[in-house]
Amino acid sequence: MCEELYSSMETMWLLRQTRSLLIVPVFKCLVDICLVISLLVFVESVYMNIVVVYVKLLKRKPEKTYKWEAMQEDIEQGGQNFPMVLVQIPMYNEREVFQLSIGAACRLIWPLDRLIVQVLDDSTDPTIMEMVSMECAQWASKGINIKCERRDNRNGYKAGALKQGMRHSYVKQCNYIAIFDADFQPEPDYLQRTVPFLIHNPELALVQARWKFVNASKCLMTRMQEMSLNYHFMAEQESGSTRHAFFGFNGTAGVWRLPAMEEAGGWKDRTTVEDMDLAVRVGLHGWKFVFVNDITVKSELPSQFKAFRFQQHRWSCGPANLFRKMTMEIIHNKRVMIWKKLYVIYSFFFVRKIIVHFFTFFFYCVILPTSVFFSEVNIPTWSTIYLPFMITLFNAIATPRSFYLVVFWVLFENVMAMHRTKGTFIGLLEGGRVNEWVVTEKLGDALETKLLPQVKKPRNGILERVNTKEMMVGIYILCCACYDFAYGNTLLYIYLSMQALAFIICGVGFVGT
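Rules of the game
Residues numbered from 1 in each chain as written. Predicted model: local features only at pLDDT ≥ 70, side-chain atom pairs only at ≥ 80, totals over all residues. Heavy atoms only, no water. UniProt positions renumbered as here; feature names shortened; annotations may be inferred. Helix = DSSP H or I, 4+ residues; strand = E, 2+ residues; numbered from the N terminus. Rg over C-alpha atoms; globule rule 2.2 N^0.38 Å. Buried < 20%, exposed > 50% of the residue type's maximum accessible area, 1.4 Å probe, protein only. Contact = heavy atoms within 4.5 Å. Areas by Shrake-Rupley, 256 points an atom, 1.4 Å probe, with all protein chains shown as cover. Lys, Arg positive; Asp, Glu negative; His and termini not counted. Charge placed at Lys NZ, Arg CZ, Asp CG, Glu CD. Expected span 1.5 Å × (residues − 1). Bend = angle between axes of the 7 residues up to and from the residue. Pairing = 2+ DSSP bridges. Axes fitted to C-alpha atoms, helices over the stretch in contact; angles between N-to-C directions. Patch = residues over 30% accessible without salt bridge, like charges linked within 9 Å, V, L, I, M, F, W, Y side chains within 5 Å. Salt bridge = Lys/Arg side-chain N within 4 Å of Asp/Glu carboxyl O. Polar contact = N/O pair within 3.5 Å; in protein donor to acceptor, adjacent residues only side chain to side chain.

An unreviewed UniProt entry lists the protein chain under the name glucomannan 4-beta-mannosyltransferase, with Brassica carinata given as the organism. Among the UniProt annotations of the protein chain, the heading Sequence similarities (unreviewed entry) holds the following wording: "Belongs to the glycosyltransferase 2 family. Plant cellulose synthase-like A subfamily." Turning to the protein chain, the UniProt annotation filed under Catalytic activity (unreviewed entry) states: "GDP-mannose + (glucomannan)n = GDP + (glucomannan)n+1."

Printed below as a string of structure tokens:
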């Protein structure tokens, strides 16, 4: 009996020593790392918003920074003084939206003999292929120079389709290329407002427009996506355009100068972010980009949680993988100033595309919950309340109508940070899903009356909708909340309970449509 008691006491002493000499110091170190990263993220956020305020106060619109003059038809030459423009629309089995995008492109106001619409159809469904062909034939009968191009494979996905589309002989006569994804609908005056920037400013390679979401009010998930993307355009794109004449091409709703694309090597399919890949390479050749906030292009947000998860995996994995592939190329580049290289590596990639995902998930969903078991570790209030409040306020300003949803947005962003962190890890380590490309499903939410018969899919049972990763994290955070409520002396359990509920709701699939 005495031996058992002695053995038990010895075991407890060893556990306490291990906790005090190993576990607690390691946890303190992790907290300190997170505090440093929180300052980096905060400083970056403040910097971007200072630039935005500067732009707003001084009214530094692109039209004042760069030369812009409206295009006018020559009385004698007609539209011959207009440059040739190619409009590319890549698509894959886009039953719900192909008519919208093709129709919007064909309605662009531009001399008919100076415009080519190229539909890059990678569809594998024979019915959809036939419908796309019929739609193109219908517009061709109205005098639109429209081409429907297809491949016998899907190598390289979107990048492969765009690359193949550039090889056709008629592309060589074009000066500029506008790109729209299948769910994007530019206004008729889109080319009239964007192309003059490229005509009158030979140093510009890209004109990027802002996205406007036709289904933002579809559900709570689309409202929160709208908040995140509005901030992306307001802060990241605006500040990059103003201070560095560089930002990531959004893959759609932009117009490129063809010689700039060719000089940088054209489209590459080495990552799932071919748009960002092209933008970085063109930027490293000294070309400038301009973001025009006043020009908007209607698009659709994914309203299904599964589709949104796949999209976020691609949007986080791709940049991380590109960062791995291009870091040394950026460092050794001789064409741009060292400050621009530093901006691209540190601000554009490292802070915004890498550590922000790690920090958001590990600090708010792992470190903070786990801290309830370590009363000897003090996490300062400025890192848990003041800095997050300021960063959240910056984001909320971009979408004033959704300000009252800011708490839901924070909780949902923390949930999605788990998927973004996983995607970033896969991209940096080139894991098995590094080149996974799942096309984001479009539901045609822009249509009040459906143009085509809808394909009804069977509803999944609740067990099929369960997302185990979200459930596991949610249950862990809930256990931490209960422990803090029972034994803690702070109100942290309030936040932990809400965050656990957010994970569990997403875990059982009760989010989105």
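Once the structure has been displayed, the description carries forward.
### Some remarks on the overall build of the protein chain
Helices and strands together make up the secondary structure of the protein chain, namely 16 helices and eight strands. Here the protein chain has a C-alpha radius of gyration of 26 Å; the compact-globule value for 513 residues is 24 Å, and the two agree. Seen through its principal axes, the protein chain has C-alpha atoms that stretch 105 × 55 × 40 Å. A buried classification covers 55% of the 513 residues belonging to the protein chain. Sequence separation of 24 or more characterises 82% of the internal contacts of the protein chain that already satisfy a separation of 6 or more. Per element, the accessible surface of the protein chain, about 24,300 Å² overall, is 61% carbon and sulfur. Put simply, the protein chain has 55 plus and 47 minus side-chain charges, and the middle of one group is 2 Å from the middle of the other.

### Observations regarding helix α10 (residues 305-331)
With 27 residues, α10 ought to run about 39 Å at 1.5 Å a step, and its terminal C-alpha atoms sit 38 Å apart, in line with that. Where α10 bends most, at K325, the angle is about 45 degrees. In terms of burial, α10 is a largely internal element, 19 of the 27 residues being buried.

### Focus on the pairing of strand β4 (residues 176-179)
Because side chains alternate across β4, one face comprises the buried residues Y176 and A178, and the other comprises I177 and I179, equally buried. Pairing analysis gives four bridges linking strand β1 (residues 85-91) to β4, with the strands arranged parallel. Along β4, the bridge assignment pairs L86 with I177.

### What about the sheet that holds strand β5 (residues 185-186)?
Across a sheet, paired strands are connected by hydrogen bonds in the backbone, their directions being either parallel or antiparallel. The strand order across the open sheet built from eight strands is β3-β2-β1-β4-β7-β6-β8-β5, with neighbouring strands paired in mixed fashion. Of all the strands in the sheet, just β3 (146-149) and β5 have a single pairing partner and so form its edges. As paired strands, β5 and strand β8 (residues 288-299) are joined by two bridges and run antiparallel to one another. By the bridge assignment for β8, P186 is matched with V297. Across the sheet, helix α6 (residues 190-200) lies against β1, β2 (115-121), β4, β5, β6 (204-213), β7 (254-257) and β8, angled at about 155 degrees from β6, the strand it touches most.

### Thoughts on a nonpolar patch on the surface
Where nonpolar side chains cluster on the molecular surface, the patch consists of M337, I338, W339, L342, Y346 and F350 and spans about 690 Å² of accessible area. Along the polypeptide, Y346 turns up in helix α11 (residues 338-370).

### Some remarks on the side chain of D484
Here D484 shows up in helix α15 (residues 468-487). When near neighbours in sequence (up to four residues on either side) are disregarded, D484 contacts V372, T490, L491, L492 and Y493.

### Quick word on the side chain of S383
Mapped onto the secondary structure, S383 falls in helix α12 (residues 381-397). You can call S383 buried: its relative accessible area is 1%. Here P380 takes part through its backbone oxygen, which lies 2.8 Å from a polar atom of the side chain of S383. Setting aside chain neighbours within four positions, we find S383 in contact with L35, F363, Y364 and P388.

### What to know about the pairing of β8
For a regular strand, the rule is simple: side chains alternate between the two faces of the sheet. Most of β8 sits out of view: nine of its twelve residues are buried. Inspection of the sheet shows β6 paired to β8 by nine bridges, in the parallel sense. Bridge pairing in β8 places Q208 opposite F291.

### Describing the environment of L405
Considering the arrangement of structural elements, one finds L405 in the loop between α12 and α13 (406-429). The spatial distance from the C-alpha of L405 to the C-alpha of Q99 is 34 Å, given a sequence separation of 306 residues. Beyond its immediate chain neighbours, meaning those up to four positions away, L405 contacts L220, R223 and M227.

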